[in-house]
Amino acid sequence: MGPPERGGYPRSGPRASRALADVESLRQQSPVDWRESIRKRIKAGRARQALWVRAIDVVRLLPSGEGRALLWTRLVHGGEVHQTTPFTTEERYPDLFDLSATLAPGAARILSFGCSTGEELEAIRRRFPKAEIVGAEINPRSRRIAARRVNGDAGTTVVSPKEIQGSFNLIFALAVLQRKPHSIEELGLDDISSHYPFALFDATVTEFSSRLRKRGLLCVINAQYRVEDSSVAKLLQPIAASPAMTAPLFGPDGKRMCQAIAKTFFRKRS
Ligand SMILES: C[S@@+](CC[C@H](N)C(=O)[O-])C[C@H]1O[C@@H](n2cnc3c(N)ncnc32)[C@H](O)[C@@H]1O
């Protein structure tokens, strides 16, 4: 046996030739090819949920306050988090908010589940000037920002999901009951059961149903599973006039559904 090989590279034999060929092919690549090849490796690693890709994601999130809050939320509340990103905008779903005001004009108590930084609470307030509004948010940083935003509105409170109390005439879960839909599509995943389990969605919709008052209204959009497939589907009547969900949908087994239709508004039957 010869001396140990420095740097872990074999000095001779077929492995050495392959390693040399690898190095030579990388040397010949332009910086653009390098970036593309790294991008492909990261994508493949992400599809396998490889540890090294998760580590890269953690490092990317560390420098910003929003990133650190996201990591903290995942670490502390991992099993309860639906969509992780806090993305939201002012008046994100004007048609949906307007329709909810038509369907539940006298709603006295409204829950916005996953209200993020509170823009949604303001949009709801514009349609329901007299209602008591509760925003529930699991990410502590988003919760603080939302609470500051609605500070001057005595009828709106912002709480963690564990602090939700009482029943509601109207519940919104908008872009919450899903997880990273853009990554799922980019990776072309056809089974999301290990990524975002149906059981978490189902337990949450079941809780919504138990918190809805008689004839109360549930509004769900941008979800990966269907309320129609939940354990409480029988208690929730889909509203025919409600817009259909356009996001890619998955069945209770986590498998991608083809041409499935899901409603966005449901009325509690009794
Ligand atoms: C993409 S944002 C949607 C914000 C807003 N509803 C909208 O549609 O613009 C999803 C939000 O849901 C929150 N969220 C995820 N799981 C939650 C849970 N179990 N309880 C409360 N909020 C949750 C996230 O922290 C995030 O702020």
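Residues numbered from 1 in each chain as written. Predicted model: local features only at pLDDT ≥ 70, side-chain atom pairs only at ≥ 80, totals over all residues.

Examining the sheet that holds strand β1 (residues 109-113)
Two pairing modes exist for strands in a sheet, parallel and antiparallel, and in both the strands are linked by backbone hydrogen bonds.
Move 1: Spatial ordering of the open sheet is given by β3-β2-β1-β4-β5-β7-β6, a layout of 7 strands whose pairing is mixed. One side of each edge strand has no neighbouring strand; the edge strands of this open sheet are β3 (156-159) and β6 (236-238). Ignoring which end each strand starts from, the neighbouring axes of this sheet average 20° apart.
Move 2: Each of β4 (168-174), β5 (212-221) and β7 (265-268) is contacted by helix α5 (residues 94-103), which is oriented at about 165° to β5, the strand it contacts most. (Pairing = 2+ DSSP bridges. Helix = DSSP H or I, 4+ residues; strand = E, 2+ residues; numbered from the N terminus. Axes fitted to C-alpha atoms, helices over the stretch in contact; angles between N-to-C directions. Contact = placed C-beta atoms within 7 Å.)

So, the site of the ligand
Move 1: Near the ligand you find 23 residues, and of these T88, G114, S116, L174 and A175 are the closest.
Move 2: Of the residues that constitute the shell around the ligand, the class distribution is 11 nonpolar, 8 polar and 4 charged. (Near = placed C-beta within 6 Å. Nonpolar A, V, L, I, M, F, W, Y, C, P; charged D, E, K, R; others polar.)

Describing the confidence of the model for the chain
Move 1: Of all residues in the chain, 92% attain a pLDDT of 70 or more, and the chain-wide mean is 90.
Move 2: Confidence drops under a pLDDT of 50 for residues 1-9, and excluding neighbours within four residues, the segment shows 4 contacts in the predicted structure. (pLDDT = per-residue confidence, 0-100.)

What about the pairing of β3?
Move 1: Side chains T156 and V158 project from β3 onto a buried face, and the interleaved T157 and V159 project onto a face without burial.
Move 2: Note that strand β2 (residues 132-136) and β3 share 4 bridges and pair parallel. Note that in β3 the partner of G135 across the bridge is V158.
Move 3: Considered for its hand, the β-α-β crossover made up of β2, helix α7 (residues 140-149) and β3 is right-handed. (Buried ≥ 20, exposed ≤ 12 C-beta atoms within 10 Å, placed from the backbone. Right-handed = clockwise from strand over helix to strand, strands pointing away.)

Digging into the pairing of β4
Note on strand geometry: in a regular strand, side chains alternate between the two faces of the sheet.
Move 1: Of all the 7 residues making up β4, 7 are buried; the element is thus mostly covered by neighbouring parts of the structure.
Move 2: With 3 bridges joining them, β1 and β4 adopt parallel strand pairing. Paired with L111 across the strands is I171, a residue of β4.
Move 3: Relative to β5, β4 runs parallel, the two sharing 6 bridges.

Looking at the domain arrangement of the chain
Move 1: Here the domain parsing of the chain yields domain 1 (12-61) and domain 2 (94-268).
Move 2: A C-alpha centroid distance of 40 Å is found between domain 1 and domain 2. (Domains from an automatic or database assignment.)

Focus: the packing of helix α2 (residues 31-47) against helix α3 (residues 51-61)
In a pair of packed helices, the angle between the axes and the distance between the axes together describe the arrangement.
Move 1: At a minimum axis distance of 8 Å, the contact between α2 and α3 shows a crossing angle of 110°. Looking at the two axes, α2 sits roughly perpendicular to α3. Contact residues: I42, G45 and R46 in α2; W52, V53 and I56 in α3.
Move 2: Considering only residue class, the contact of α2 with α3 consists of 4 nonpolar, 1 polar and 1 charged. (Parallel < 35°, antiparallel > 145°, perpendicular 65-115°, else oblique.)

Comments concerning unusual backbone geometry
Move 1: Even without being glycine, A175 reaches a positive phi, approximately 55°.
Move 2: A count of 21 C-beta atoms within 10 Å places A175 in the buried class.
Move 3: Phi at R215 is positive, roughly 65°, even though this residue is not glycine.
Move 4: Structurally, R215 can be placed in strand β5.

Details of the nonpolar core
Across soluble globular proteins, you tend to see nonpolar side chains buried next to one another.
Move 1: Formed by 47 residues in total, the largest nonpolar core has its most connected members in I110, I171, A173 and L218.
Move 2: Residue assignment for this core shows that the elements contributing at least two residues are β1, α6 (119-127), β2, β4, α9 (198-211), β5 and β7.
Move 3: Excluding anything up to four places from it in sequence, A173 contacts F113, G114, F208 and V220. (Core = buried A, V, L, I, M, F, W, Y, C linked by C-beta atoms within 7 Å.)

Notes on α6
Move 1: The complete set of buried residues in α6 reads E120, L121, A123 and I124. Taken around the axis of α6, the buried residues stretch over an arc of 160°, which confines them to a single face.
Move 2: Looking at the buried residues of α6, the elements they touch are α5, β1, β2, α7, β3 and β4. (Arc of directions from axis to C-beta.)

Quick word on the environment of L103
Move 1: Relative to the elements of secondary structure, L103 occurs in helix α5.
Move 2: Separated by 113 residues in sequence, L103 and G216 have C-alpha atoms that sit 9.8 Å apart.
Move 3: Beyond its immediate sequence surroundings of up to four residues, L103 is in contact with L217, I239 and F265.

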